[in-house]
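The primary structure of each chain is shown beneath.
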Amino acid sequence: LDNGDHFVSQSAPMGEHWPKFNILGQSLLIRVPIVGPGLKRFVIADVAHAMATFIRQGDDIATAAEWSTKATRSRWMKKRLERFVSLVRAGHRWEDAWCEMKLGRPLDEWVIRNAASREDPASGFELLAEWLHQEIALTTQRIEAWLDPCCTVVVAILVGVIATSVFAMYTQIIHALM
């Protein structure tokens, strides 16, 4: 959908969630061990949701990918989607072109290939987006579960250091007065 000035989608555009980094910042952040995989999953889920939406509205795979390219702010994903569109327009099967982007794990590729064999790409993209959103939620819960005890230990160490410093100061004052 295009209203002339802005791209309009039923899903929230990636730009609302992706920080405004320059090219170098995006490429570095996507490679950070803990943060990178989560960002990749989020970007892929957003694109998969957009692809499903455009396909359900009647667009073909290549057109849906072009609209999804315009919707995402991730340069990492834009580059891959542009390659995907060029492969599909050149006559490659869309599921092979999607898997050639090497976005996820073999299970993600299986979902896409399964949807292609059923000739229902929209359901495959919807399922992929749903699974990725569930993984993101589980990863967030795991991080939150680890974050609370780690913060407690850090605070306990800080309190111990402060208490030790205050106690040492008081003992020095008492020794100085005697």
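In the block above lies the structure referred to throughout.
These lines cover the structure that appears in this document, whether it is placed above or below. (Residues numbered from 1 in each chain as written. Predicted model: local features only at pLDDT ≥ 70, side-chain atom pairs only at ≥ 80, totals over all residues. Heavy atoms only, no water.)

Glancing now at the nonpolar core. Core analysis: the largest hydrophobic core is formed by 37 residues, its most contacted members being Met51, Met77, Phe84, Trp94, Trp98, Phe125 and Leu128. Elements represented by at least two residues in this core include exactly α2 (35-56), α3 (61-71), α4 (75-89), α5 (94-100), α6 (106-117) and α7 (121-177). Take this core: its biggest share by element is 11 residues, from α2. (Core = buried A, V, L, I, M, F, W, Y, C linked by side-chain atoms within 4.5 Å. Buried < 20%, exposed > 50% of the residue type's maximum accessible area, 1.4 Å probe, protein only. Helix = DSSP H or I, 4+ residues; strand = E, 2+ residues; numbered from the N terminus.)

This part covers α6. One turn of an α-helix holds 3.6 residues; hence residues three or four places apart share an orientation. Under the 1.5 Å per step criterion, the end-to-end length of α6 is 16 Å for 12 residues, consistent within 8% with the ideal 16 Å. When α6 is considered as a whole, its buried residues turn out to be Asp108, Val111, Ile112, Ala115 and Ala116. Buried residues along α6 cover an arc of 135° about the axis, so they all sit on one side. Across α6 from its buried face, at more than 90 degrees, point the exposed residues Pro106 and Ser117. In this structure, the buried side of α6 is in contact with α5 and α7. Residue Glu119 follows α6 closely and has a positive phi angle near 55°. (Expected span 1.5 Å × (residues − 1). Arc of directions from axis to C-beta. Contact = heavy atoms within 4.5 Å.)

When two helices pack together, their arrangement is given by the angle between the helix axes and the distance between those axes. Look at α2 against α4: their axes get within 10 Å of each other, and the N-to-C directions meet at 45°. Taken together, α2 and α4 sit at an angle that is classed as oblique. Here the hand of the crossing between α2 and α4 comes out right-handed. On the side of α2, the interface is formed by Lys40, Val43, Ile44, Val47 and Met51, while α4 contributes Trp76, Met77, Leu81 and Phe84. Grouping the constituent residues of the contact of α2 with α4 by class yields eight nonpolar, no polar and one charged. (Axes fitted to C-alpha atoms, helices over the stretch in contact; angles between N-to-C directions. Parallel < 35°, antiparallel > 145°, perpendicular 65-115°, else oblique. Left-handed = near helix turned anticlockwise from the far one by under 90°. Nonpolar A, V, L, I, M, F, W, Y, C, P; charged D, E, K, R; others polar.)

A separate point is a nonpolar patch on the surface. Where nonpolar side chains cluster on the molecular surface, the patch consists of Ile162, Val166, Met169, Tyr170, Ile173 and Leu177 and spans about 610 Å² of accessible area. Mapped onto the secondary structure, Leu177 falls in helix α7. (Patch = residues over 30% accessible without salt bridge, like charges linked within 9 Å, V, L, I, M, F, W, Y side chains within 5 Å. Areas by Shrake-Rupley, 256 points an atom, 1.4 Å probe, with all protein chains shown as cover. Salt bridge = Lys/Arg side-chain N within 4 Å of Asp/Glu carboxyl O.)

The next thing to look at is the packing of aromatic side chains. Applying the stated criterion across every chain yields a total of four aromatic pairs. Their ring planes at 40° and their centres at 5.6 Å tell us that Trp94 and Phe125 sit as a pair that is tilted. In this pair, Trp94 sits in helix α5 while Phe125 sits in helix α7, placing the two residues 31 residues apart along the sequence. Like Phe125, Trp94 is buried. Chaining the aromatic ring pairs together yields one cluster made of Phe84, Trp94, Trp98 and Phe125. Over the face of the ring belonging to Trp67 we find Lys70, whose NZ or CZ atom lies 4.6 Å from the ring centre. (Phe/Tyr/Trp six-rings, centres within 6.5 Å; stacked < 30°, edge-to-face > 60°. Lys NZ or Arg CZ within 6 Å of the ring centre and 35° of its normal.)

This is a description of form; function is not addressed.
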